[in-house]
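Coordinate analysis (summary)
Here's the letter readout for the chains.
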Amino acid sequence: MTADDQLPGSLAAGGLPDGHLAVLANPTAGRGRFRGLLPAVLDRLGTVGRPVRLLEAGSAAQAGAACRAAVADGAAALVTVGGDGTVHLALQAVAGTGVAFGPVPAGTGNDFAVGTGFPADPLAAVEVIVAALAAGRTRSADLARMTGPDGTSRWYGAVLAAGFDALVNERANRMSWPRGPRRYDLAILVELARLRPRHYLLRLDGVARELDAVLVAVGNCPSYGGGMRICPTADPTDGLLDVVYAGPISRTTLTRIKPRVYRGTHLAHPMVHTQRARTVELVAEDIVGYADGERALPLPLTVTAVPGAVRLLR
């Protein structure tokens, strides 16, 4: 059975079903760099002969609800204009449904779009999406599904951070000053000063391992944080998750390793390890996982690779 055969609905049989195109746009994505992009996107999507509906939302919760409503209302495809955070909201609605998905990368971090083969240039990505719509063509890709002990679940497309980077994000989100990217920089400095290895229980496809680690990431795609290749060998079509972790290292060693993450060469460091698994159980205290850069679920949680969970307009 192929990944295409595993999906429900008419997409699995080829082509796109009848229905409108729903568009979710984040005007603040990329710190407003692409604020004028949306009219061009809507114009190009309008050339494929389907109704185009721009989803209205004033908050992340409203955006997620609007995506779910569009899918329930019979949308043939959902297109996002924004970064990984916008993609993350849309994936909660389209995952496992067979509704086609096209991300236009217009955010600070566009790791899912780039990791699944879309051009980094937003206008070039729109052309890829339009061509796929015109041809009725989709390609399947894997997603990761997180599940907490109470049964709460959430999808993600790129990487789950469950170590130092998650702690930095959590601290930055609690800070009211300074504004903008300097808040994140300050959070890094604070967490570096407080750095200590955390004790983890990792269970990979049922095989348990206890370890002390500073960095822990579970990748469906190679990168997070706008191009940091934390899981450089991750492939969103292989049905597996890449788990990368760094053992008990000092802040000096961490600051030396982190720049290498952009090139993916950190895996050569003797204290950095990587394994692959279909199911990953993560247990640790006082850590909230961040997936696609968004606050997700607290540990403990289980992450499962779901082959062909999304149909991409490529």
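This text gives an overview of the structure that appears in the document. Only a predicted model underlies this, so the values are computations on that prediction, with no experimental measurement involved.

1. A closer look at the packing of aromatic side chains
Centre distance and the angle of the planes are the two values used to describe a pair of aromatic rings. By the definition in use, this model includes one aromatic pair. When the ring of Phe 101 is compared with that of Phe 112, the centres are 6.4 Å apart and the planes differ by 40°; the resulting orientation is tilted. Placement of the pair is Phe 101 in strand 4 (residues 100-105) and Phe 112 in helix 4 (residues 111-115), with a sequence separation of 11 residues. The same class applies to Phe 101 and to Phe 112, which are both buried.

2. Here we look at the nonpolar core
In this structure, Phe 101, Leu 282 and Val 303 are the most contacted members of the largest nonpolar core, which totals 105 residues. In terms of residue count, the dominant contributor to this core is strand 16 (residues 301-312) (seven residues). Discounting chain neighbours no more than four positions away, the residues touching Phe 101 are Leu 78, Thr 80, Val 87, Ala 90, Leu 91, Val 94, Phe 112, Val 310, Arg 311, Leu 312 and Leu 313.

3. Thoughts on the environment of Val 99
Structurally, Val 99 can be placed in the loop between helix 3 (84-94) and strand 4. The spacing of Val 99 and Leu 16 is 83 residues in sequence and 8.6 Å in space, taken between C-alpha atoms.

4. Some thoughts on the packing of helix 2 (residues 60-72) against helix 3
Put simply, helix 2 and helix 3 touch, their axes get as near as 8 Å, and they point 35° apart. Handedness of the crossing formed by helix 2 with helix 3: right-handed. Counted together, Ala 60, Ala 63, Cys 67, Arg 68 and Val 71 of helix 2 and Leu 89, Ala 90, Ala 93 and Val 94 of helix 3 form the full contact between these two elements.

5. Quick notes on the packing of helix 1 (residues 38-45) against helix 5 (residues 122-135)
Two numbers describe a pair of packed helices, the interaxial angle and the distance between the axes. Taken N-terminus to C-terminus, the directions of helix 1 and helix 5 make an angle of 20°; their axes are 10 Å apart at the nearest point. The pairing of helix 1 with helix 5 is recorded here as roughly parallel in orientation. Relative to helix 5, helix 1 is oriented so that their crossing is right-handed. Facing helix 1, whose interface residues are Ala 40, Val 41, Arg 44 and Leu 45, helix 5 presents Leu 123, Val 126, Glu 127, Ile 129, Val 130 and Leu 133. Partitioning the contact of helix 1 with helix 5 into residue classes produces eight nonpolar, no polar and two charged.

6. Quick notes on the side chain of Asn 169
Relative to the helices and strands, Asn 169 resides in helix 6 (residues 164-174). Excluding anything up to four places from it in sequence, Asn 169 contacts Tyr 184 and Tyr 290.

7. What about the state of the cysteines?
Summed over all chains, the structure comprises zero disulfides. Cysteine Cys 67 shares no disulfide, and the gap to the nearest cysteine sulfur, in Cys 221, comes to 19 Å. Taking the relative accessible area as the measure of exposure, Cys 67 reaches 0% and is therefore buried. Not part of a disulfide, Cys 221 finds its nearest cysteine sulfur in Cys 231, a span of 9.8 Å. The class of Cys 221 is buried, set by a relative accessible area of 0%.

Basis of the calculations
- Residues numbered from 1 in each chain as written.
- Predicted model: local features only at pLDDT ≥ 70, side-chain atom pairs only at ≥ 80, totals over all residues.
- Heavy atoms only, no water.
- Phe/Tyr/Trp six-rings, centres within 6.5 Å; stacked < 30°, edge-to-face > 60°.
- Helix = DSSP H or I, 4+ residues; strand = E, 2+ residues; numbered from the N terminus.
- Buried < 20%, exposed > 50% of the residue type's maximum accessible area, 1.4 Å probe, protein only.
- Core = buried A, V, L, I, M, F, W, Y, C linked by side-chain atoms within 4.5 Å.
- Contact = heavy atoms within 4.5 Å.
- Axes fitted to C-alpha atoms, helices over the stretch in contact; angles between N-to-C directions.
- Left-handed = near helix turned anticlockwise from the far one by under 90°.
- Parallel < 35°, antiparallel > 145°, perpendicular 65-115°, else oblique.
- Nonpolar A, V, L, I, M, F, W, Y, C, P; charged D, E, K, R; others polar.
- Disulfide = S-S within 2.5 Å.

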